[in-house]
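Observations on the model geometry
Chain by chain, the residues:
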Amino acid sequence: MLRAIVIDDIESIRKRHITLIKANCPNISIIGQADSVESGVKLVSQLSPDIVFLDVEMPDGTGFDLLQKLKPFQFKVIFITGYEDFAIRAFRFSAIDYLLKPLDAGHLIEAVKKAEESMGKEVFDMKLNNLFSNLERPKNLQKLILKTAEKIYSVNIQDIVNCESDTNYTTFNFINAPKLVVSTNLKEYEALLGPHNFFRTHQSHLINMAYFDHFIKTDGGNTIVMKNKTTIPLSVRKKEDFLILLENL
């Protein structure tokens, strides 16, 4: 049985969360609840829970502030937010699960399962450190969690030269580090990295424009050369958008 605390500033929402947890997660025992960062810090310190269901936005601060006050800690965190805001992007970059209000039973069960499986592992600590690093740079996320078959890495976005797709796998190529292969399709990384100066040149290629060197206009004009001399294909469908992008660099 896992001991849990629910922290949310709105009483009716806390009660709703507790009811849903009790109905769908028989391995969870709710041992307390809090309505602010301050009361949450005190309660967690007193009760030492296994899991904290943590609201992101509260009147006296954020769930991230609460965690910073409690570091180092042993419990796992399931973030809950009602906002599609910067925090959501930070979670995605850090490969940390979160739940959107109102809670969905299926998503709740899956989040609890993942939290339970991560008990006693240091991987979650790495993800949280990655999250805190990104939260310190709200206008320019810097770090991305990548999970290969053997390890989990925290990489600097500015070190990524390009990403190459092979069905459900994506290869990351870096400026001064060995490549990494992850079992996630390129479309997901296009959504994450697109706002950070990355461009999808082809169905199988995503490039960091910071490493763009030149575009070969001859032979049909379908080749991009990066600063590390890597050549990247440019599809006919993407050519117009790419040329417009170059005009605005």
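The structure reproduced in this document is the subject of the present report. (Residues numbered from 1 in each chain as written. Predicted model: local features only at pLDDT ≥ 70, side-chain atom pairs only at ≥ 80, totals over all residues. Heavy atoms only, no water.)

**Focus: helix 7 (residues 186-193)**
Within helix 7 the residues assigned to the buried category are Leu186, Tyr189, Leu192 and Leu193. Buried residues of helix 7, seen end-on, are gathered within an arc of 120° and therefore sit on one face of the element. In helix 7, the exposed residues that point more than 90 degrees away from the buried face are Lys187 and Ala191. Between a side-chain oxygen at the N-terminus of helix 7 and the backbone nitrogen of Lys187 the separation is 3.3 Å; the capping residue is Asn185. (Buried < 20%, exposed > 50% of the residue type's maximum accessible area, 1.4 Å probe, protein only. Helix = DSSP H or I, 4+ residues; strand = E, 2+ residues; numbered from the N terminus. Arc of directions from axis to C-beta. Polar contact = N/O pair within 3.5 Å; in protein donor to acceptor, adjacent residues only side chain to side chain.)

**Notes on the sheet that holds strand 17 (residues 231-233)**
The strand order 15-16-17 describes an open sheet built from 3 strands, whose pairing is antiparallel. Of all the strands in the sheet, just strand 15 (212-216) and strand 17 have a single pairing partner and so form its edges. Neighbour to neighbour, the strand axes of the sheet diverge by 30° on average, direction disregarded. Here strand 15 runs beside strand 16 (residues 223-226); their pairing, made up of 4 bridges, is antiparallel. Bridge assignment links His214 to a residue of strand 16, and that residue is Val225. (Pairing = 2+ DSSP bridges. Axes fitted to C-alpha atoms, helices over the stretch in contact; angles between N-to-C directions.)

**Side note on the layout of surface pockets**
Approximately 980 Å³ is the volume found for the largest pocket. As for the largest pocket, its lining consists of 35 residues, of which Ala95, Ile96, Asp97, Lys127 and Lys147 are closest to the centre. Of all the secondary-structure elements, those providing two or more residues to the lining of the largest pocket are strand 6 (76-81), helix 4 (86-93), helix 5 (105-117), helix 6 (123-135), strand 8 (143-147), strand 12 (180-182) and helix 7. A breakdown of the residues in the lining of the largest pocket according to their chemical character gives 21 nonpolar, 4 polar and 10 charged. (1 Å grid on protein atoms, 1.4 Å probe; cavity = no way out; pocket = protein on both sides within 12 Å on 5 of 7 lines; lining within 4 Å. Points joined across faces, edges and corners; volume = space filled by probe spheres on them. Nonpolar A, V, L, I, M, F, W, Y, C, P; charged D, E, K, R; others polar.)

**Some remarks on the packing of aromatic side chains**
Summed over all chains, the structure comprises 10 aromatic pairs. Judged by centre distance (4.5 Å) and plane angle (20°), the ring pair of Phe73 and Phe75 falls under stacked. Taking relative accessible area as the criterion, Phe73 reaches 12% and is therefore assigned buried. The cationic tip of Lys238 hangs over the ring face of Phe199; the distance from NZ or CZ to the ring centre is 5.9 Å. (Phe/Tyr/Trp six-rings, centres within 6.5 Å; stacked < 30°, edge-to-face > 60°. Lys NZ or Arg CZ within 6 Å of the ring centre and 35° of its normal.)

**Things to note about the packing of helix 3 (residues 63-70) against helix 6**
Contact pair helix 3 / helix 6: the axes reach a minimum separation of 12 Å and the direction vectors enclose 120°. What the angle tells us is that helix 3 and helix 6 run oblique. Where helix 3 crosses over helix 6, the two elements pack in a sense that is left-handed. Where helix 3 abuts helix 6, its residues Phe64, Leu67 and Gln68 lie against Leu128, Leu131, Phe132 and Leu135. Class assignment for the residues of the contact of helix 3 with helix 6 results in 6 nonpolar, 1 polar and no charged. (Parallel < 35°, antiparallel > 145°, perpendicular 65-115°, else oblique. Left-handed = near helix turned anticlockwise from the far one by under 90°. Contact = heavy atoms within 4.5 Å.)

**Considerations on the sheet that holds strand 6**
If you trace the 5 strands from one edge of the open sheet to the other, you get 2-1-3-6-7, paired in parallel fashion. For this open sheet the edge positions go to strand 2 (28-34) and strand 7 (98-100), each flanked by a neighbour on one side alone. Along the sheet, successive strands turn relative to each other by an average axial angle of 25°, direction set aside. Along the sheet face, helix 1 (residues 11-24) touches strand 1 (2-7), strand 2, strand 3 (51-55) and strand 6 and points at about 175° away from the line of strand 2.

**Concerning the pairing of strand 13 (residues 198-202)**
Along strand 13, 4 of the 5 residues are buried, which leaves the element largely enclosed by surrounding structure. For strand 13 and strand 14 (residues 205-208), the ladder comprises 4 bridges, and the chain directions are antiparallel. Following the sheet pairing, Phe199 is matched in strand 14 by Ile207. In sequence, strand 13 turns back onto strand 14 through a hairpin of 2 residues.

**Here's the deal with the nonpolar core**
For soluble globular proteins, nonpolar side chains are generally found buried alongside one another. Counting residues in hydrophobic clusters, the biggest one holds 29 residues, and the most contacted among them are Leu67 and Phe79. Looking at which element gives the most residues to this core, the answer is helix 6, with 5 residues. Residue contacts for Phe79: discarding those within four places in its chain leaves Leu54, Val56, Phe64, Leu67, Phe91, Ile96, Asp97, Tyr98, Leu99, Leu128 and Leu131. (Core = buried A, V, L, I, M, F, W, Y, C linked by side-chain atoms within 4.5 Å.)

**Regarding the pattern of salt bridges**
Within the structure shown, the criterion is met by 6 salt bridges. A salt bridge links Asp97 to Lys114; the shortest N-O distance between them is 3.6 Å. Taken as a pair, Asp97 in the loop between helix 4 and strand 7 and Lys114 in helix 5 lie far apart in primary sequence, 17 residues in all. Of the residues examined, Lys114 reaches a relative accessible area of 37% and is grouped as partly exposed. Arg200 is the partner of Glu190 in a salt bridge, and the nearest nitrogen-oxygen pair spans 2.7 Å. Within this pair, whereas Glu190 is found in helix 7, its partner Arg200 is found in strand 13, the two being separated by 10 residues in sequence. Glu190 sits in the partly exposed class, given a relative accessible area of 27%. Among the charged side chains, a network of salt bridges with common partners joins Asp8, Asp55 and Lys101. (Salt bridge = Lys/Arg side-chain N within 4 Å of Asp/Glu carboxyl O.)

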